[in-house]
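A look at the structure
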Amino acid sequence: MPHGENETWYLTPITEIPGVRHALLMTLDGMVQARSENLSSDDADGVAAMTSALHAASRAAVIPVLGAAADTPIETVTVKVAEGTYMVMPAGANTLIAAAGDDSMHMGVVVHMMARQAKKLGEQHMSVSARSHDGAS
């Protein structure tokens, strides 16, 4: 299975929201982990790379204008244009989740679902296999 397809299920609840066109899960440095089915691999790669830069630029911008610490986590980056809205938020260590949709997309619902799926992703990655009962500690 190609890298990224195993985590696509995290995006399904987001893409099922009316108005959402695309969803993407990526590393902080812009590598695609999963993409919605209707987003081509080439487009996903480009969007992930630019989203990484957008996220980094957002952090750099808030440091001087808001007096934020250099390590202040970015909660959400939102870009609104005539064609719709693109939102990005952290989804665990070194991971970002993003959604794009038209004006019918309810941003509050999408942000809530993105946060919920990010939490599930974090829980999945932090789960540890049970210890064996062979006497080892």
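From a predicted model like this one, the values you see are computed outputs, not experimental measurements.

**Describing the nonpolar core**
The biggest cluster of nonpolar side chains holds 19 residues, and the ones touching the most others in it are Ile14, Leu25, Ile97, Val110 and Met114. Taken together, the elements giving at least two residues each to this core come down to strand S1 (20-27), strand S4 (84-90), strand S5 (95-101) and helix H3 (107-126). Ranked by residues supplied to this core, first place goes to H3 with five residues. When sequence neighbours within four positions are dropped, the list of residues in contact with Leu25 reads Glu7, Leu11, Met31, Val32, Gln33, Ala34, Ala91, Thr95, Leu96, Ile97 and Leu121. Leu24, Met26, Val32 and Ala98 belong to the second-largest nonpolar core, a separate cluster that totals 13 residues.

**With respect to the sheet that holds strand S2 (residues 32-35)**
The strand order across the open sheet built from five strands is S2-S1-S5-S4-S3, with neighbouring strands paired in antiparallel fashion. Each edge of the sheet is formed by a strand with only one pairing partner; in this case those strands are S2 and strand S3 (77-81). When strand polarity is set aside, the average angle formed by the axes of neighbouring strands in this sheet is 15 degrees.

**What about the pairing of S4?**
Of all seven residues in S4, six are buried; the element is thus mostly enclosed. Pairing between S3 and S4: five bridges, direction antiparallel. Bridge assignment links Val79 to a residue of S4, and that residue is Tyr86. Hairpin connection of S3 to S4: two residues between the antiparallel strands. Taken together, the six bridges between S4 and S5 define a ladder with antiparallel strand orientation. Note on S5: the bridge partner recorded for Met87 is Ala99. Taken together, S4 and the strand that follows it, S5, pair antiparallel across an intervening segment of four residues, in which Gly92 is found at a positive phi of about 105 degrees.

**A short note on the side chain of Ser36**
Position of Ser36 relative to the elements: it lies in the loop between S2 and helix H2 (41-66). For Ser36, a relative accessible area of 4% translates into the label buried. A polar contact is formed between the side chain of Ser36 and the side chain of Asn38, at a distance of 3.0 Å.

Definitions and limits used
Residues numbered from 1 in each chain as written. Predicted model: local features only at pLDDT ≥ 70, side-chain atom pairs only at ≥ 80, totals over all residues. Heavy atoms only, no water. Core = buried A, V, L, I, M, F, W, Y, C linked by side-chain atoms within 4.5 Å. Buried < 20%, exposed > 50% of the residue type's maximum accessible area, 1.4 Å probe, protein only. Helix = DSSP H or I, 4+ residues; strand = E, 2+ residues; numbered from the N terminus. Contact = heavy atoms within 4.5 Å. Pairing = 2+ DSSP bridges. Axes fitted to C-alpha atoms, helices over the stretch in contact; angles between N-to-C directions. Polar contact = N/O pair within 3.5 Å; in protein donor to acceptor, adjacent residues only side chain to side chain.

Shape is all these values report; function is a separate question.
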